[in-house]
Amino acid sequence: MPLIPFYGIPMTALSPAIDQFERDYAAARKSALRINTVSTALFAVCFVAAAWIGGFFDMTDVTLSNGDRVSMWKIWAGLPRLGEYLYKTLPVLHWETLGSDIANWFWRWKVWLQLLLETILIAYMATLFGVVGAFLLSFPASRNLAPNRFVLNLTRRYLEIVRTVPELVWALIFVFCFGVGPLAGVLAIGLHATGALGKLYSEANENADMRPLEGIKASGGSWFDQIRYGIVPQVVPNIISYTLLRFEINVRASSIIGFVGAGGLGQEIRVAMSLQEYTDLSALFLIIFVTVIVIDTVSEKVRHRIIGLTGKGV
Amino acid sequence: MNKTPLSLDAARDLVPGAFGMPLQAKLVRIAAWSVFAALTGWCLWAFDFSPGRILEGLTRFGNVLSFMFPPHIWTTWQDWSEILKGLGETVAMAFMGTILGAIIAFPLAFLGAKNIMPFSWLRLSARRGFDALRAVEQIILALIFIRAFGLGPLAGILAIAVSEIGTFSKLFSEAIENTSKKPVDGVKASGGGNLQTIRFAILPQALPVILSIILYNFESNTRSGTILGIVGAGGIGFLLADRISAYKWPEAWTIIFLIILTVYVIDGFSGFLRKRIIGGQENGRQG
C-alpha cells in the first residue's frame, strides 16, 4: 500500500480529492525537476563551450624572473601584466612640484581641448541628425499612425538594421566614402542614433492618446494636421527626454569613433596606445570622464526642468 | 461666419495677454533659436559639409551599396568556417562576458541596495564605483586587456564582463530595492536571520527581474560585441574590419547581414526564454 510522503498515512485513508492532489503535486514536482535538470545541463554545456571558444583554457608560455620558461593558463599569466599596465598609466605626482607635474601630465592640453570640442560637436551634430531622421521616421513606424502595413514594416526594418550595425562599423564604411575626418563620424553616429531614437519615438507615439487625433480628423484635418496638432504636443516631453539621454551616449560614442579615423579624441587614444605614452591615456580618460559627468549633470537638470514644466515625461 | 475676424479683434483688445507672447519670452526664444542656428551653421562649416563633398560621398556610398546585391556567397568550406567561427566567437564572448559580469555583480548588488545595506557611506561609494566601471568604454577596456592577455576573444570577454559588472550591479540593486517589504517582515516574524530573509523573502521576488535583465544585456552585448574585433579582441568584427579595409565590399555586406541575422535569432530566443521565466507578465526594467 503506497504511503503519502511526509505523513506516512496510507493513501486510501484519505478522501479521493486529497489523493488526487498528492498525485498531481508529485507529478508537478517531478516535471519541474526534469525541466530544471535539463536546462541546467544545457546551460553548463553552453558555458563550457563558450569558455573553450573564448580561450579560457588556453595556455601560454611565460618567462619567469629567473629565466625559466613555463606554460601556464593565459588568464593567470595576464593578470600581473594587467596590473603593471594600469600602474604605468598613473602619472607621477609630487606634492612639492604639483603644478609642473600636472602640466607635464596634460602636456598636450591645447590639442586635447580642441579635440574635445570636436568630440562634443560631433555628438551634437550626430544627435541633431539622428533626431531629425528619427522624428520623421517615427510616424510611419508607429502602429497607430502608419498609413499602411507595408510602410510600417519597411520603416521598422530600416530602423532595426541601422541600429543593429554598430557606430564603428558605419564609421568604417563612411570613412571610405567621405574621407577621414569628423564628417564620417557625424554620419555614422547619426545613422545609428536614428535607429535607436526612432524606436523610442515610435513607442512614445504608440502610447499617445488617440482621441485628439479623432477630434482633428472630425473637423477635417489631414494626416499631417492630425500628427502636428494631435500627436506632437503629447510626445514632445518624451522626445526631449530621450534626445538628451542620446546626446550623452553620443558623446561617449564620438570619443571612440576616432579609432577608425572618424575624428574626435579617439584618434589621440589610439596614438597614445601605439606610441606607449602611458600617462597620456589616464589624462585622456580623465578628460572624457569629466566631460561625460558634466554633460550628464547638465542634461539631467534640463530634463527635470522640462518634465517639471509640462508635468509629463519618462 | 464672416464675423469671426471682428470678434477676434474684439477679444484681442479685451485680453491682450492671451494672444502672442510676452516680449521677454519672445526674446529668449529668438536667442535660443539663433544660438542653435549659429552652432549648427558653424559645425556644418567646420566639418566641411560642403555639397560637393556630400555628393561625392553619397555617390561612393551608392557604389558601395550596389555591392550588397547579390550578396557574396563563399564557396569553400574553409571560408565559411572562418566566418562561422567569428560569429560563434562573438556570441560566445557576449555569453561568457554577460555570465561572468552577472556572477561578480550579484553579490556586489547587495552593497548598493538601500533595503539591505544600512551604511549609507558604503552604499554610496559602491554606487559610484559601479558608475566609474560603466563610464569606461568597452572598446577602451578591450584595448587594455589586449595588452595584458594578447589578441583574441579572452580580452573581449573580460572587457564585456568588466563593463557589465557596472551595469548589472546598478540594475540588480534597483531590482532588489523594488521588492516588497511584506515577505521580509513575514520571514523575520517567524524568526529568520538576515541571510534567511534574503534567501526566502527578497531573492524570490528579485530573481525573475534579474534573469530578465541578464537576458536583455546578453542581447545588447551580442550587438555591441561585434565591434570589439575591430581592435583585435576576437569575434566577427575583426573579419569585417579586415574586409572593409581591403575594399572587399560584397563580403563585408554579407558579414553585416550575418551579424544582423545572428542578433535577430538571439533576440527571438531570449524573448522566448524571458516569457517562460517571468511568465509573460512584463516585469520591470527601467532604462
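K.L.:
Sorry, what's going on with the side chain of B:Ser169 here?
P.N.:
All names here are of chain B. The residue Ser-169 is located in helix 7 (residues 153–177) in this model. On the basis of relative accessible area, Ser-169 is assigned to the buried category, the value being 0%. Among the polar contacts made by the side chain of Ser-169, one reaches the main-chain carbonyl oxygen of Ile-165 at a distance of 2.5 Å. Apart from residues no more than four positions distant in its own chain, Ser-169 is found in contact with Ala-105, Leu-108, Ala-109, Phe-130 and Glu-164.

K.L.:
What should I look at first to understand a nonpolar patch on the surface in this one?
P.N.:
All names here are of chain A. On the surface, Val-48, Trp-52, Ile-53, Phe-57, Met-59, Trp-73, Trp-76 and Leu-79 cluster together to form a nonpolar patch covering roughly 910 Å² of accessible area. The set of elements that each furnish at least two residues to the nonpolar patch consists of helix 1 (16–53) and helix 2 (74–89). Per element, the largest residue contribution to the nonpolar patch is three residues, and it comes from helix 1. Given the relative accessible area of 42%, Leu-79 is considered partly exposed.

K.L.:
Mind showing me how you'd approach the confidence of the model for chain B here?
P.N.:
As a general rule, the predicted coordinates of low-pLDDT regions are not to be interpreted in detail. Residues and elements named next belong to chain B. Residues of chain B with pLDDT of at least 70 account for 94%, and the chain-wide mean is 84. Averaged pLDDT values over the elements of chain B bottom out at 71 in helix 1 (residues 4–14) and peak at 91 in helix 4 (residues 77–111). This stretch, residues 280–287, has a pLDDT under 50; its non-local contacts, to residues over four places away or in other chains, come to eleven contacts. As a predicted assembly, this complex carries a pTM of 0.80 together with an ipTM value of 0.80.

K.L.:
What exactly am I supposed to notice about the interface of chain A and chain B here?
P.N.:
The parts lose accessible area when they come together, and the size of an interface is often stated as this lost area. Between chain A and chain B, the residue contacts involve 57 residues of the former and 56 residues of the latter. Between chain A and chain B the total buried area reaches about 5200 Å² when both faces are included, carbon and sulfur atoms providing 81% of it. When the area that chain A buries against chain B is broken down by residue, the three leading residues are A:Thr164, A:Phe176 and A:Leu183, summing to 12%. Applying the counting criterion to the chain A and chain B interface returns zero salt bridges. Here chain A and chain B share eight residue pairs in polar contact (both at pLDDT 80 or more) between them. No other element matches the nine residues that helix 6 (residues 167–178) of chain A contributes to the side of chain A that touches chain B.

K.L.:
How should the pattern of salt bridges be read in this particular structure?
P.N.:
Any two side chains of opposite charge can pair, on the condition that their charged atoms come close. All names here are of chain B. Here the structure, examined in full by the defined rule, presents 15 salt bridges over all chains. One salt bridge connects Glu-251 with Arg-243, and the closest N-O pair in it is separated by 2.6 Å. By the burial criterion, Glu-251 is buried, and Arg-243 matches it. The network of salt bridges with common partners includes Glu-82, Asp-242, Arg-243 and Glu-251.

K.L.:
Help me understand unusual backbone geometry in this model?
P.N.:
Comment: phi is negative for the bulk of residues other than glycine, and the bulk of peptide bonds are trans. Even without being a glycine, B:Tyr247 presents a positive backbone phi close to 55°. Position of B:Tyr247 relative to the elements: it lies in the loop between helix 10 (236–245) and helix 11 (249–278).

K.L.:
Please clarify how the confidence of the model for chain A should be interpreted in this entry.
P.N.:
Summing up the model confidence of chain A, the mean pLDDT is 84 and the portion of residues at 70 or higher is 93%. Mean pLDDT values for the elements of chain A range from 72 in strand 1 (residues 59–63) of chain A up to 91 in helix 7 (residues 182–207) of chain A.

K.L.:
Please clarify how the packing of helix 6 (residues 138–149) of chain B against helix 7 of chain B should be interpreted in this entry.
P.N.:
Angle between the axes and distance between the axes are the two parameters that describe a pair of packed helices. Residue and element names in this part refer to chain B. Interhelical geometry of helix 6 versus helix 7 gives an angle of 135° and a closest axis separation of 8 Å. With respect to their mutual orientation, helix 6 and helix 7 come out oblique. Like other packed secondary-structure pairs, helix 6 and helix 7 cross with a definite hand, here right-handed. Of the residues in helix 7, those touching helix 6 at Gln-138, Leu-141, Ala-142, Phe-145, Ile-146 and Phe-149 are Leu-154, Ala-155, Leu-158, Ala-159, Ile-160, Val-162, Ser-163 and Glu-164. Here the residues of the contact of helix 6 with helix 7 sort into eleven nonpolar, two polar and one charged.

Conventions we followed
Residues numbered from 1 in each chain as written. Chains lettered and ligands numbered in written order. Predicted model: local features only at pLDDT ≥ 70, side-chain atom pairs only at ≥ 80, totals over all residues. Heavy atoms only, no water. Helix = DSSP H or I, 4+ residues; strand = E, 2+ residues; numbered from the N terminus. Buried < 20%, exposed > 50% of the residue type's maximum accessible area, 1.4 Å probe, protein only. Polar contact = N/O pair within 3.5 Å; in protein donor to acceptor, adjacent residues only side chain to side chain. Contact = heavy atoms within 4.5 Å. Patch = residues over 30% accessible without salt bridge, like charges linked within 9 Å, V, L, I, M, F, W, Y side chains within 5 Å. Areas by Shrake-Rupley, 256 points an atom, 1.4 Å probe, with all protein chains shown as cover. Salt bridge = Lys/Arg side-chain N within 4 Å of Asp/Glu carboxyl O. pLDDT = per-residue confidence, 0-100. Buried area = accessible area lost by both parts, 1.4 Å probe. Axes fitted to C-alpha atoms, helices over the stretch in contact; angles between N-to-C directions. Parallel < 35°, antiparallel > 145°, perpendicular 65-115°, else oblique. Left-handed = near helix turned anticlockwise from the far one by under 90°. Nonpolar A, V, L, I, M, F, W, Y, C, P; charged D, E, K, R; others polar.

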